[in-house]
Each structure stands twice: as structure tokens, then as C-alpha cells.
Amino acid sequence: MRVPTLADFEIDVAHALEHINIPSYLVDAAGVIRWLNPAGRRLVGDVDGRQFTSVVAAEDTRRAREMFARKLLGSTDSADAPVVLVDGSGSRFAVEVSSVPLVRGERVIGIFGQVSDLVEEPQPHPELHLTPRQAEVLGLLERGRTTIQIAEDLHLSRETVRNHIRHLLHATGAHSRLEAVAVARGEALKRPAA
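Residues numbered from 1 in each chain as written. Predicted model: local features only at pLDDT ≥ 70, side-chain atom pairs only at ≥ 80, totals over all residues. Heavy atoms only, no water.

Run through helix H6 (residues 158–172), naming residues and quoting values.
Relative to the 21 Å expected for 15 residues at 1.5 Å per residue, H6 spans 21 Å between its end C-alpha atoms, a close match to the ideal helical length. Those residues of H6 that fall on the buried side of the exposure criterion are Val161, His164, Ile165, Leu168, Leu169 and Thr172. Angularly, the buried residues of H6 cover 140° about the axis, an arc narrow enough to put them on a single face. Backbone geometry just downstream of H6 places Gly173 in the positive-phi region, at approximately 75°. (Helix = DSSP H or I, 4+ residues; strand = E, 2+ residues; numbered from the N terminus. Expected span 1.5 Å × (residues − 1). Buried < 20%, exposed > 50% of the residue type's maximum accessible area, 1.4 Å probe, protein only. Arc of directions from axis to C-beta.)

Any chance you could break down the layout of surface pockets for me, citing the residues and the numbers?
Of the voids in this model, the second largest pocket is the one considered here, and its volume is about 240 Å³. For the second largest pocket, the full set of lining residues is Leu17, Leu26, Trp35, Leu102, Ile109 and Phe112. Here the lining of the second largest pocket is composed, by residue class, of 6 nonpolar, no polar and no charged. (1 Å grid on protein atoms, 1.4 Å probe; cavity = no way out; pocket = protein on both sides within 12 Å on 5 of 7 lines; lining within 4 Å. Points joined across faces, edges and corners; volume = space filled by probe spheres on them. Nonpolar A, V, L, I, M, F, W, Y, C, P; charged D, E, K, R; others polar.)

So, empty space enclosed by the protein: which residues are in play, and what are the values?
Here the idea is plain: a probe the size of a water molecule rolls over the atoms and shows the empty space left. Tallied over the entire structure, the rule returns 1 cavity of 30 Å³ or more. Counted as a void, the largest cavity has a volume near 440 Å³. Lining the largest cavity are 29 residues, and of these Tyr25, Phe52, Val56, Leu85 and Val97 lie nearest its centre. Put simply, the parts of the chain that give the lining of the largest cavity at least two residues each are strand E1 (24–28), strand E2 (33–36), helix H2 (38–44), helix H3 (58–72), strand E3 (79–86), strand E4 (92–104) and strand E5 (107–119). Among the residues forming the lining of the largest cavity, the class breakdown is 22 nonpolar, 3 polar and 4 charged.

Can you explain the packing of aromatic side chains? Please cite residues and give values.
Within this structure, the stated rule accounts for 1 aromatic pair. Taken together, a centroid distance of 4.9 Å and an interplanar angle of 35° make the contact between Phe52 and Phe68 tilted. Highlighted residues: Phe52 in the loop between H2 and H3 and Phe68 in helix H3, separated in sequence by 16 residues. The same class applies to Phe52 and to Phe68, which are both buried. (Phe/Tyr/Trp six-rings, centres within 6.5 Å; stacked < 30°, edge-to-face > 60°.)

In C-alpha cells form, the structure reads like this:
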């Protein structure tokens, strides 16, 4: 007896994706959002037909475009990456996105992805007087990223990331990554409420 494959369930999979409570999306090769399931719409609004970068925070747009281009070129199969999204009202939230290229024949025709995790967005730390790159590295450390993950996310060498972390530790007066995150969070708590 033949064992059914995923292709045999094609219609059921499409139906399931519409009803699963995990934000899911499809972006075409031009970067246009062509489909969002209801969970995705609840997260960012009705953005069908808009460029995917319209829901990405300005500071993450360049990195999101680079990741998208790598997928279109076929240089990466799947990727999990942190990104800050913005909904229609301007609310920001950090998520972990897992995405894969969709291939027809030899061509990538789009990207399918899901929001795998909502994460607490790191707060800016102006009181620490960090360089923009140090602030970016601190934000990734606050999200629990490793040196290797930070290097991949920022397209830097591991040694360059280690140098940024060393400078970040010096700037915060911390002796470890964990202490730098704790210092940053402690400084944020000292700020007067808006």
C-alpha cells in the first residue's frame, strides 16, 4: 500500500495554514505580500499587496532585504531571524521569523514564512552612550543571540562581533555579556516613566 505524501494533502495543507493560530505569510519574488493567514492579519493588519518591508521596522529593513535577496538567489534554504515588525497603528514588536524559499522548477518564486516566536523587544539605552553598532549588538544579546548568530544576523565576522562585544562591555562597565544586559535593563528601569 502506498503511503500518502505531503503533495497528496495539498488542499488540506492550504486549509490548515488558513486556520492555524501561527502567523504565516507568503511573499512573491518581487517582495510583495500575497497572502497572510488570519493570525498574520491580527499581528500586522491587512497588508496584502504591500511590500514586505512596509511591516518591518526601519532599523531592520536593510537586513530583511538582504535575507530576502539571499533566499531569492537560492544561497540559503531556510532561516530563522529576529526582526522588529510594525503594525498599522505604529506599534512595534520583536518576533522570530522562520522562512523558506518556494521553488518551482529551478526558480525561487516566493518566500513562505511563519512567526515562530514573539519576543520582548529590547529597549533603547541612550543613557549608556553606545555607538549604533554597540546598541544593535546589545539588542541581539538581550534577545539571547550567540556570537555566531549575531555574526550571521549582522553579516559580520565572528571576530568583529567579539570586538563589538568587548567595546560594549567596556562602555557598560560590565565583565560579561549577561552583566551588560543586566546593566542595560537596570539603566532602563531608572528612567522616569513617560
